[in-house]
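# Examination of the molecular architecture
One-letter residues, chain by chain:
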Amino acid sequence: MSNDFSEKFEKMRIAGKLASKTLDMLTDFIKPGISTDEIDKLSYEFIKDNGGYSAPLYYRGFNKSLCTSLNRVVCHGIPSDRILTESDVVNVDITTIVNDYYGDTSRMFSFGDVSVKAKNLIDTTYESMMRGIKILKPGIRLGDIGFEIESFVEEKGFSVVRDFCGHGISNAFHEPPNILHYGEKNNGLELSPGMTFTIEPMINEGKYDVKVLNDGWTAVTKDKSLSAQFEHTIGITEDSYEIFTESVKGYRKPPYN
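So, here is what we can say about the structure in this document.

Another point: the packing of aromatic side chains. According to the stated counting rule, one finds 8 aromatic pairs in the structure shown. Here the aromatic rings of Tyr102 and Phe173 are separated by 5.6 Å at their centres, their planes lie at 20 degrees, and the arrangement is stacked. Note that Tyr102 is positioned in strand S5 (residues 101-110) and Phe173 in the loop between strand S7 (166-168) and strand S8 (175-179), a separation of 71 residues in sequence. Here Tyr102 and Phe173 have matching classes, each one buried. Joined through ring pairs, the aromatic side chains of Phe5, Phe9 and Phe244 make up one cluster. Here the basic side chain of Arg162 rests over the ring of Tyr182, its NZ or CZ set 4.4 Å away from the ring centre. Positioned above the aromatic ring of Tyr208 is the side chain of Arg162, whose terminal nitrogen or guanidinium carbon lies 4.4 Å from the ring centre.

See the structure below:
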């Protein structure tokens, strides 16, 4: 690897590993009967105890350490006293800061009595993210990522959210470029070694239209259909890619056994 970005990648690995380890830890607790506030507190303590900081906490007035997006919530759900139940699906989104560098990742969780369509939505969302990741290498364009995700998702009968996207990330939480999860082949910025960004498709069971609630954060599907999301932080190497936020325990999508 070029010395131009080897130090940056090493710092991204450390931040990304803490983010994924936090989700690994939470997996033992994210069950029916726990509140999303309790999940938030567990995350805050674990990140602090492991030498990091929570990036969402106090970010633009956000007052929690992570996002918990349940059912029709697309993203940026705020932890509360809401208790998880058997029929819920929930996305838990973690971003850590270690030595001024960021690791950003999210996973879906589901319990017991969820519909076949909800399971299919979660599986499709995970697979769409991985399909977008597996084509990464220097020389492809951002539109290629979006095309890969969108074409797969729509073939499965679901829709890709347009209002939110992945983003550049390194020693800033959000930086250029935007990573759209829909697009056309051979369009957009060309990838080059050293680039670091998230891929985080938000996929809806129904239409892709969303609205933000009065709290200024919580984005929900307009048609009240379910939504799902997975996220990894990735770096472009000299000839391929590296995922900084892979689960240390090998967790990928529910069920997490």
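Back to the text.
As a further point, take the sheet that holds strand S13 (residues 227-229). The strands making up a sheet are joined through hydrogen bonds of the backbone, oriented either antiparallel or parallel. A sheet is described by the order of its strands in space; here 3 strands give the open sequence S6-S10-S13, paired in antiparallel fashion. If you trace the sheet from one side to the other, it starts and ends with strand S6 (159-160) and S13, each paired once. As paired strands, strand S10 (residues 202-204) and S13 are joined by 3 bridges and run antiparallel to one another. By the bridge assignment for S13, Ile203 is matched with Ala228. The strands that helix H3 (residues 116-134) touches are S10 and S13; relative to S13, the one it contacts most, it runs at about 35 degrees.

On to the pairing of strand S2 (residues 67-70). Of the two faces of S2, the one holding Cys67 and Ser69 and the one holding Thr68 and Leu70 are both buried throughout. Sheet analysis places S2 next to strand S4 (residues 89-98), joined by 4 bridges and oriented antiparallel. Bridging from a neighbouring strand, Leu70 pairs with Val90 of S4.

Conventions we followed
Residues numbered from 1 in each chain as written. Predicted model: local features only at pLDDT ≥ 70, side-chain atom pairs only at ≥ 80, totals over all residues. Heavy atoms only, no water. Phe/Tyr/Trp six-rings, centres within 6.5 Å; stacked < 30°, edge-to-face > 60°. Helix = DSSP H or I, 4+ residues; strand = E, 2+ residues; numbered from the N terminus. Buried < 20%, exposed > 50% of the residue type's maximum accessible area, 1.4 Å probe, protein only. Lys NZ or Arg CZ within 6 Å of the ring centre and 35° of its normal. Pairing = 2+ DSSP bridges. Contact = heavy atoms within 4.5 Å. Axes fitted to C-alpha atoms, helices over the stretch in contact; angles between N-to-C directions.

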